[in-house]
There are 2 protein chains.
Amino acid sequence: MTATPMNEPIMDLVAAKERGFTLDDCPVRDVLDKLSGKWATLLLFELHIGPKRFGVLRRSVPDISQRMLTQTLRTLERDGFISRTVKPTKPPSVEYALTDMGASFMPLIAEIVAWADQNHEQIRLMRRTFDAVE
Amino acid sequence: MTATPMNEPIMDLVAAKERGFTLDDCPVRDVLDKLSGKWATLLLFELHIGPKRFGVLRRSVPDISQRMLTQTLRTLERDGFISRTVKPTKPPSVEYALTDMGASFMPLIAEIVAWADQNHEQIRLMRRTFDAVE
DNA sequence: CTGTATCCCTCCTGATACTG
DNA sequence: CAGTATCAGGAGGGATACAG
């Protein structure tokens, strides 16, 4: 309702903006774009429990298509969030695991999850109220 | 590189998943979908500095089209992140401001920004390395 | 000043089938 | 088992013009 006082982390945000990044150049978007995909955070979460093979991941997230599983894993690997290790077994198996950088990102997701958990009731209420007026 | 040990916040995430939300029903997606839009977080940030009128917002984020500005503000208002107040001035003016709930979400964005700030160099390096191999 | 309405186009996503 | 290829649908986003 009111303007909240500036705090330390937000100052970082101001700094980031004033450092003059363009929209395509903005480091924040590099991260936000990871969150935005439908499956990225879910897969990061699965791998945070522990390293998993391709097939195991597919069974852990049954709604994902094989195409999107491959594609999302590739993107996360490209950006260094996860590692991909081919093991020369008889039918070759591939294991995916969180990198240190990927792991360092998980607490942020966890905080968002906790926040969502506390606020989703109110959000849905607001939404229904808003829609009722229109 | 290694599987990180489970910590408290992540347990919340596990709990959220095991509480059996479907993909469309998941409260976490309610929040993540806000972050995912191209403009939502940018506008939240602008309003975190202080309440702003429509025209001021448009000038603050010059790259946004009028259509997307209206649309994004409407979505954020609908979910209770921001408030919209019409002031009966001569040419009517509309002021947008963060709600308490919206303000409580800002520290999370700030942490992501800080993380992005620390890691975007490495992410870009990983990306170039990955692309070079292919 | 603050929006709405319309058109268009790209990207994300899913379904299916196929390969080493 | 792990991955690629192809096709199709829909949402997100931009440009422009118009309205209260």
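Procedures and definitions
Residues numbered from 1 in each chain as written. Chains lettered and ligands numbered in written order. Predicted model: local features only at pLDDT ≥ 70, side-chain atom pairs only at ≥ 80, totals over all residues. Heavy atoms only, no water. Salt bridge = Lys/Arg side-chain N within 4 Å of Asp/Glu carboxyl O. Helix = DSSP H or I, 4+ residues; strand = E, 2+ residues; numbered from the N terminus. Buried < 20%, exposed > 50% of the residue type's maximum accessible area, 1.4 Å probe, protein only. Near = heavy atom within 4 Å. Polar contact = N/O pair within 3.5 Å; in protein donor to acceptor, adjacent residues only side chain to side chain. Nonpolar A, V, L, I, M, F, W, Y, C, P; charged D, E, K, R; others polar. Expected span 1.5 Å × (residues − 1). Bend = angle between axes of the 7 residues up to and from the residue.

Caption draft 1: Spotlight on the pattern of salt bridges. Applying the stated criterion to the full structure yields 16 salt bridges over all chains. Measuring nitrogen to oxygen at the nearest pair gives 3.5 Å for the salt bridge that ties Arg 74 of chain A to Glu 77 of chain A. Of the two residues, Arg 74 of chain A and Glu 77 of chain A are both situated in helix 5 (residues 66–78); the distance of 3 residues between them amounts to about one turn of the helix. The class of Glu 77 of chain A is buried, set by a relative accessible area of 17%. Two residues, Arg 127 of chain A and Asp 79 of chain B, come together in a salt bridge whose shortest N-O distance is 2.9 Å.

Caption draft 2: Just the protein's contact with DNA strand C, in detail. Every one of the 19 residues lining DNA strand C counts as a neighbour, but Trp 39 and Arg 67 of chain A together with Gly 55, Arg 84 and Tyr 96 of chain B are closest to it. If you look at DNA strand C and keep only atoms within 4 Å of the protein, 60% of those are sugar or phosphate atoms. Within the side chain of Trp 39 of chain A, an N or O atom sits 2.8 Å from a phosphate oxygen of DNA strand C. Within the side chain of Arg 74 of chain B, one N or O atom sits 3.1 Å away from a phosphate oxygen of DNA strand C. Elements with a minimum of two residues in the surface near DNA strand C: helix 5 of chain A together with helix 4 (54–60), helix 5 (66–78) and strand 3 (93–98) of chain B. The leading source of residues in the surface near DNA strand C is helix 5 of chain B, at 4 residues. Looking at the surface near DNA strand C, its residues break down into 7 nonpolar, 5 polar and 7 charged.

Caption draft 3: Highlighting helix 6 (residues 100–133) of chain A. Here helix 6 of chain A is 34 residues long and its end C-alpha atoms lie 48 Å apart, about the 50 Å a rise of 1.5 Å per residue gives. The sharpest bend along helix 6 of chain A measures roughly 50° and falls at Asn 119 of chain A.

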